[in-house]
Amino acid sequence: MVQAEGTRLVLTKPMALDGESDGYIAPNPLQLVLSLLKNVMPGSDLTHFQMPPLFNFPKSQLQCFGELVYSGADTVSRCNSGEKPLDRFIAVVAWSISTVRPVIFGVAPYNPILGETHHISRGNLNVLLEQVSHHPPVSALHATDESQNVEMIWCHHPTSRFYGTSAEGEVRGKRLLKLLNHGETYVMNSPKLMMRFFPVALADWVGNVRIQCQETGLEAELRYRNNSFLGRWGNKRSIKGKIFECSSSKTLYEIDGHWDR
């Protein structure tokens, strides 16, 4: 909560791993599905689709991006504390996985206006975001932790398409995590968001994420997987992948688990 000159501003809590945010309850998604079927053709770009205000939860898209950083501030410090390059790389992979948060089906944050900013500090971590383009929508993030000498630079360009029984959202752009004490830069992308309307309504993260560090010659490939077609069987929110040497393709570690536990 922030108070300034008699104005009371309230920031809602970050999204938890159970998918809840400050007691927010999503409305019935049937109205949204019917609106999509009525106004959008399969294969259409949803960037310009006007979502009814009922289906916007009380957050800006900038705040949602910022939460991915400052909710895992403790994890960021571990990335810098590893003695060996492999130890630091493993910590970066763990941090990348920790930035993934569940989404609530049928709702979305408010689109930021051009020039809108979001700033927050937590301990020694300072995060600043700005909406640098409106069409197409592009958000930029810069964060620093002076005590750990860590810097983050992100550029996000969300795109989405409607496929009749489902919609897919892709966050284009790269995320850079710099460990300045070690002269290392880690480059990574984001998973895709898949929303399925039939036969069972659900939303989850899917797709491949690649993490690279040119200075150490290490790389990771992660694959996010969702439920089965009926949404009842299979590995829910599972993740598989590996950490390997770029030069020899030798696998050093295998990753197999769930990103929300």
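Not measured: the values here are computed from a predicted model. (Residues numbered from 1 in each chain as written. Predicted model: local features only at pLDDT ≥ 70, side-chain atom pairs only at ≥ 80, totals over all residues. Heavy atoms only, no water.)

It is worth spelling out the overall build of the protein at this point. Of regular secondary structure, the protein possesses four helices and 16 strands. Going through the 261 residues of the protein one by one, you find that 43% of them count as buried. For the protein, the share of sequence-separated contacts (at least 6 apart) that also reach a separation of at least 24 residues comes to 53%. As presented, the protein carries roughly 14,000 Å² of accessible surface, and 52% of it is formed by carbon and sulfur atoms. (Helix = DSSP H or I, 4+ residues; strand = E, 2+ residues; numbered from the N terminus. Buried < 20%, exposed > 50% of the residue type's maximum accessible area, 1.4 Å probe, protein only. Contact = heavy atoms within 4.5 Å. Areas by Shrake-Rupley, 256 points an atom, 1.4 Å probe, with all protein chains shown as cover.)

Let's shift gears to the pairing of strand E11 (residues 184–188). Going residue by residue along E11, you find Glu184, Tyr186 and Met188 tucked away on one face and Thr185 and Val187 left uncovered on the opposite face. Across five bridges, the pairing between strand E10 (residues 175–179) and E11 is antiparallel. Residue pairing for E11: Leu177 is matched across the bridge by Tyr186. Hairpin connection, E10 to E11: the antiparallel pair is bridged by four residues, and Gly183 has positive phi, about 65 degrees. Of the pairings in the sheet, the one linking E11 to strand E13 (residues 202–213) comprises three bridges and is antiparallel in character. Paired with Tyr186 across the two strands is Cys213, which belongs to E13. (Pairing = 2+ DSSP bridges.)

Attention shifts here to unusual backbone geometry. The amide bond that connects His135 to the next residue, Pro136, takes the cis arrangement and shows omega of 0 degrees. For Pro136, the location among the structural elements is in the loop between strand E6 (125–133) and strand E7 (138–145). Even without glycine at this site, Ser249 takes up a positive phi of about 60 degrees. Summarising the element assignment, Ser249 is placed in the loop between strand E15 (238–245) and strand E16 (251–258). Note on Ser249: relative accessible area 49%, which makes it partly exposed.

Before going further, it helps to spend a moment on the confidence of the model for the protein. Taken residue by residue, the protein gives an average pLDDT of 82. The fraction at 70 or more is 75%. By mean pLDDT, strand E1 (residues 2–4) is the weakest element of the protein at 47, and E11 is the strongest at 98. (pLDDT = per-residue confidence, 0-100.)

This paragraph deals with the layout of surface pockets. Looking at the second largest pocket, its volume works out to about 190 Å³. Taken together, twelve residues make up the lining of the second largest pocket; nearest its centre are Ile97, Ser98, His258, Trp259 and Arg261. Elements represented by at least two residues in the lining of the second largest pocket include exactly helix H4 (85–98) and E16. Classifying every residue of the lining of the second largest pocket by side-chain character gives six nonpolar, three polar and three charged. (1 Å grid on protein atoms, 1.4 Å probe; cavity = no way out; pocket = protein on both sides within 12 Å on 5 of 7 lines; lining within 4 Å. Points joined across faces, edges and corners; volume = space filled by probe spheres on them. Nonpolar A, V, L, I, M, F, W, Y, C, P; charged D, E, K, R; others polar.)

Scanning all chains against the criterion turns up eight salt bridges. For the salt bridge of Asp260 with Arg237, the shortest nitrogen-to-oxygen distance reads 3.3 Å. Of this pair, Asp260 sits in the segment after E16 while Arg237 sits in the loop between strand E14 (218–225) and E15, and the two are 23 residues apart along the sequence. Of the two residues, Asp260 and Arg237, neither departs from the other in class, the shared state being buried. (Salt bridge = Lys/Arg side-chain N within 4 Å of Asp/Glu carboxyl O.)

Here we come to empty space enclosed by the protein. Empty pockets left among the atoms are what a rolling probe the size of a water molecule brings to light. The final tally for this structure, using the stated rule, is one cavity of 30 Å³ or more. By volume, the largest cavity amounts to about 30 Å³. As for the largest cavity, its lining consists of Ser96, Thr99, Val100, Arg175, Asn189, Ser190, Pro191, Val209 and Tyr224. A per-class count over the lining of the largest cavity returns four nonpolar, four polar and one charged.

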